[in-house]
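# Remarks on the overall topology
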There are 2 protein chains.
Amino acid sequence: MRGDVIALDVGGTRLKGAVLDERGHALTTLERPTRATRTPAAVVESILGALADLRRRPQAEQAVACGLVVPGIVDSVGGRAVWSENLGWRDVPLRELAARRIGLPVVLGHDVRAGALAESRHGAAAGYRNTMFVPIGTGIAAGMVVDGRLLDGDGLAGELGHVSVGHEELCACGAKGCLEAVASAAAILRRYRSRSGAELGGTQEVVSLAAAGDTVAGAVWTEAIDALAAALAMASSLVAPEVVVIGGGLSLAGATLLEPLQSRLDSRLTFQRSPRLLTAALGDRAGCLGAGLLARSAMAETVGVR
Amino acid sequence: MRGDVIALDVGGTRLKGAVLDERGHALTTLERPTRATRTPAAVVESILGALADLRRRPQAEQAVACGLVVPGIVDSVGGRAVWSENLGWRDVPLRELAARRIGLPVVLGHDVRAGALAESRHGAAAGYRNTMFVPIGTGIAAGMVVDGRLLDGDGLAGELGHVSVGHEELCACGAKGCLEAVASAAAILRRYRSRSGAELGGTQEVVSLAAAGDTVAGAVWTEAIDALAAALAMASSLVAPEVVVIGGGLSLAGATLLEPLQSRLDSRLTFQRSPRLLTAALGDRAGCLGAGLLARSAMAETVGVR
């Protein structure tokens, strides 16, 4: 498809936008807080305002479409943001609202699935047909590419953070045993605080303390890795990725995370394919780049271009 | 695609074949034991002999292709039967051997994925875009249709029997905790025997004993249902099926299995889509019908017909 696209990735705390050319290069970028207030309506207005800002920039003159990606449950066919725990909305017709505001066709997608698309086309998983992208931050989710196609499942696929790994702690979703409740960056900090009484600034401090022999930090970190290995083993049995790209804040731990995780995952699998674990290559640009890819691919389908 | 197809489903104990017309109706059928001896070579010869038998029948005169489905790990792109625990083979170029024997193009596929295709086109899951077919017999596997497409994953997707549901029993695969080790029909009978000393003829007897108040049978049955609920909850989080079709011998228990399983599955899921559980509609014909669908769809791709 010819022409540039406007791309916006709506995160829990930041909006990251850009105008992207045909090769995915940013002609101009935007970054700002997601919301001034905590009401869903204010968040929607903040998103529409960011899109309008990008649309008005001279670099957007050749833009022919817009890709918008959000967290939570997304009905990409109907163009509706169905639910987000972080942003508080329910069933917002975001595609239509955005299209009306900026006068361009808009594709609405899911942030993690868009990130998976970006990592599998241009990032760490480029060249593989069966991949999984697992950002680990406030929460945990998975974007899965199987047989070269991104799985959508009516916008519901990929809730890896809510598979049970067999513990008794309660998750924010209401269930017990969820991966996210012990292995997200937020859970690691919360669990360290509840056992030690000490508040840390980030998971890197837990990793450093564990390396220095702090037994509480060591236990919390080991439990997180074990839980991740259990969940990735399940996913490997079910969808057989060749590579799993770990992203999000926790991936900054690099080999300190990936080496023990790879070894525990390998030891859980017998005849199944054990995926190679890699850290994400695109960082926090994955969602925005993926939003651009979604817009481009939807437009290509519309005009019959491959 | 015009023309009839030869279809053969290779089970652990029986070969089930047919010549199918364009609507999937059987013009003639074949059923015989899979093997006279236990060597992989004898099994392969038995398969080729059954295909040659079908090919020679007058009803096969219009046959233009053949679909052959086998258990285990299947490389459908390369046409190789990579591995089967039951049949003992390793890396057999079955597609080429079969094509040479019968002089027709052959598609090699996986029995459970073929069954999933048949149930989702003509069986219990007809009309749904996101479905899962889970035959429960000697083992447990899953054929998954997501966004209307059958997942293959290089022939490795769908090993639901080998996700961990958190117990300490050893599975034949070498891992601990596998679903299959407590919830397959074979495991249910084995576990009843090891706790009671009594040998039963089938899982229906376990169900009847449990209903009559036998505490050992009740415990074995309940543990199997809990394990199935755990595994289906995990699969629901990951690939979000609308319906799950339960097949194989265990599905003959009907509502005795499905009602408690549905209720335990529903209670494990919070915000995720809870799939409706249904019993298979095509019985032991699913694999053979699916083999026919695979042959037809591969030929249609080759000749450019939709």
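Just so it is clear, the structure is predicted and the values come from calculations on it, not from any experiment.

What counts, and where the lines are drawn
Residues numbered from 1 in each chain as written. Chains lettered and ligands numbered in written order. Predicted model: local features only at pLDDT ≥ 70, side-chain atom pairs only at ≥ 80, totals over all residues. Heavy atoms only, no water. Helix = DSSP H or I, 4+ residues; strand = E, 2+ residues; numbered from the N terminus. Rg over C-alpha atoms; globule rule 2.2 N^0.38 Å. Buried < 20%, exposed > 50% of the residue type's maximum accessible area, 1.4 Å probe, protein only. Contact = heavy atoms within 4.5 Å. Areas by Shrake-Rupley, 256 points an atom, 1.4 Å probe, with all protein chains shown as cover. Lys, Arg positive; Asp, Glu negative; His and termini not counted. Charge placed at Lys NZ, Arg CZ, Asp CG, Glu CD. Buried area = accessible area lost by both parts, 1.4 Å probe. Salt bridge = Lys/Arg side-chain N within 4 Å of Asp/Glu carboxyl O. Pairing = 2+ DSSP bridges. Axes fitted to C-alpha atoms, helices over the stretch in contact; angles between N-to-C directions. Left-handed = near helix turned anticlockwise from the far one by under 90°. Nonpolar A, V, L, I, M, F, W, Y, C, P; charged D, E, K, R; others polar. Polar contact = N/O pair within 3.5 Å; in protein donor to acceptor, adjacent residues only side chain to side chain. Patch = residues over 30% accessible without salt bridge, like charges linked within 9 Å, V, L, I, M, F, W, Y side chains within 5 Å. Least-squares fit on C-alpha atoms with pLDDT ≥ 70 in both. Domains from an automatic or database assignment. Parallel < 35°, antiparallel > 145°, perpendicular 65-115°, else oblique. Expected span 1.5 Å × (residues − 1). Arc of directions from axis to C-beta.

## Considerations on the overall build of chain A
Scanning chain A from N- to C-terminus turns up 9 helices and 13 strands. Since a compact globule built from 306 residues should have a radius of gyration of about 19 Å, the 19 Å found for chain A is in line with a globular shape. C-alpha extents for chain A along the principal axes are approximately 55 × 45 × 30 Å. When the 306 residues of chain A are sorted by exposure, 56% land in the buried category. Taking as baseline every contact in chain A between residues at least 6 positions apart, the subset at least 24 positions apart corresponds to 60%. On chain A, roughly 12400 Å² of surface is accessible, and the fraction owed to carbon and sulfur atoms is 50%. In chain A, 31 positive and 31 negative side-chain charges are present, and the distance between their average locations comes to 3 Å.

## Things to note about the side chain of Ser84(A)
You can see Ser84(A) is positioned in the loop between β6 (80–83) and β7 (90–92). The residues contacting Ser84(A), other than those within four sequence positions of it, are Pro71(A), Gly72(A) and Trp89(A).

## Observations regarding the interface of chain B and chain A
Every contact between the two is made by 35 residues of chain B and, on the other side, 34 residues of chain A. Carbon and sulfur atoms make up 65% of the area that chain B and chain A hide from each other, which totals about 2900 Å². Here chain B and chain A share 2 salt bridges between them. Counting only elements with at least two residues in the side of chain B that touches chain A, the list comes to β10 (143–146), β11 (149–150) and α7 (215–239) of chain B.

## Observations regarding the sheet that holds strand β5 (residues 73–75) of chain B
In a beta sheet, neighbouring strands pair by backbone hydrogen bonds and run either parallel or antiparallel. All names here are of chain B. Spatially, the 3 strands line up as an open sheet ordered β5-β6-β7, and their pairing is antiparallel. With partners counted over all chains shown, the strands left at the sheet margins are β5 and β7 (90–92), one partner each. This sheet shows a mean twist of 20° between the axes of neighbouring strands, independent of strand direction. Taken together, the 3 bridges between β5 and strand β6 (residues 80–83) define a ladder with antiparallel strand orientation. Across the sheet, residue Val-74 finds its bridge partner in β6, namely Ala-81.

## Here's the deal with the packing of helix α5 (residues 185–196) of chain B against α7(B)
Residue and element names in this part refer to chain B. Where α5 meets α7, the axes come as close as 10 Å, and the angle between the chain directions of the two elements is 145°. Taken as a pair, α5 and α7 cross one another with a handedness that is right-handed. Residues Ile-188, Arg-191, Tyr-192, Arg-195 and Ser-196 of α5 pack against Val-216, Ala-217, Ala-219, Val-220, Trp-221, Glu-223 and Ala-224 of α7. Split into classes, the residues belonging to the contact of α5 with α7 amount to 8 nonpolar, 1 polar and 3 charged.

## Focus on the sheet that holds β11(B)
All names here are of chain B. Spatially, 5 strands are ordered β11-β10-β9-β12-β13 in an open sheet, and the strand pairing comes out mixed. With one partner strand each, in any of the chains shown, β11 and β13 (276–279) form the two edges of the open sheet. Bridge count between strand β9 (residues 131–135) and β10: 3 bridges; the pairing is antiparallel. Looking across to β10, one finds that Thr-131 is bridged to Val-145. Sheet strands touched by α7: β9, β10, β12 (243–247) and β13. Its angle to β9, the strand with the most contacts, is close to 155°.

## Things to note about the environment of His110(A)
Residues and elements named next belong to chain A. For His-110, the location among the structural elements is in strand β8 (residues 106–110). Using a relative accessible area of 9% as the deciding quantity, one classes His-110 as buried. Considering only alpha carbons, one finds His-110 and Val-77, 33 residues apart in sequence, at a separation of 11 Å. Side-chain polar atoms of His-110 contact the backbone oxygen of Gly-72, separated by 3.0 Å.

## A word on a positive patch on the surface
Taken together, the side chains of Arg129(A), Arg149(A), Arg129(B) and Arg149(B) define a basic patch exposed on the protein surface. Relative to the assigned elements, Arg129(A) resides in the loop between α3 (111–122) and β9 (131–135).

## Re the relation of the copies chain B and chain A
The operation relating chain B to chain A is a screw motion whose rotation component is 180°, with 0.0 Å of axial translation and a residual RMSD of 0.0 Å. The superposition operator between the copies reduces to a two-fold rotation axis. Distance from the rotation axis, computed per C-alpha, reaches its smallest value in chain B at Gly166(B): 3.3 Å. Most of the interface of chain B is mirrored in chain A, where 97% of its interface residues are also at the interface.

## Digging into the domain arrangement of chain A
Residue and element names in this part refer to chain A. Domain parsing of chain A yields domain 1 (4–111 + 284–303) and domain 2 (124–281). Of note, the centres of domain 1 and domain 2, computed from C-alpha atoms alone, are 27 Å apart. On the domain 2 side, the residues contacting the 4 residues of domain 1 number 5 residues. Between domain 1 and domain 2, the buried area comes to about 530 Å², and carbon and sulfur atoms account for 51% of it. Our count for the domain 1 to domain 2 interface comes out at 0 salt bridges. Of the residues assigned to the side of domain 1 that touches domain 2, the class counts are 2 nonpolar, 1 polar and 1 charged.

## With respect to the packing of helix α5 (residues 185–196) of chain A against helix α6 (residues 203–211) of chain A
The description of two packed helices rests on the angle between their axes and on the distance between the axes. All names here are of chain A. Put simply, α5 and α6 touch, their axes get as near as 9 Å, and they point 55° apart. Put simply, α5 runs oblique to α6. When you trace α5 past α6, the crossing you get is left-handed. Contact residues: Ala-185, Ile-188, Leu-189 and Tyr-192 in α5; Thr-203, Val-206 and Leu-209 in α6. Here the residues of the contact of α5 with α6 sort into 6 nonpolar, 1 polar and no charged.

## Focus: α5(A)
Residues and elements named next belong to chain A. An ideal rise of 1.5 Å per residue puts 16 Å on 12 residues; α5 measures up with 17 Å between its terminal C-alpha atoms. Every buried residue of α5 is accounted for by Ala-185, Ala-187, Ile-188, Arg-191 and Tyr-192. Along the axis of α5, the buried residues cluster in a sector spanning 165°; they form a single face. One or two positions beyond α5, positive phi appears at Gly-197, with a value near 80°.

## Quick word on unusual backbone geometry
Residues and elements named next belong to chain A. Residue Asp-91 is not a glycine yet carries a positive backbone phi of 55°. By secondary structure assignment, the location of Asp-91 is in strand β7. With a phi close to 55°, Asp-147 is a non-glycine residue in the positive phi region. Along the chain, the position of Asp-147 falls in the loop between β10 (143–146) and β11 (149–150). Using a relative accessible area of 19% as the deciding quantity, one classes Asp-147 as buried.

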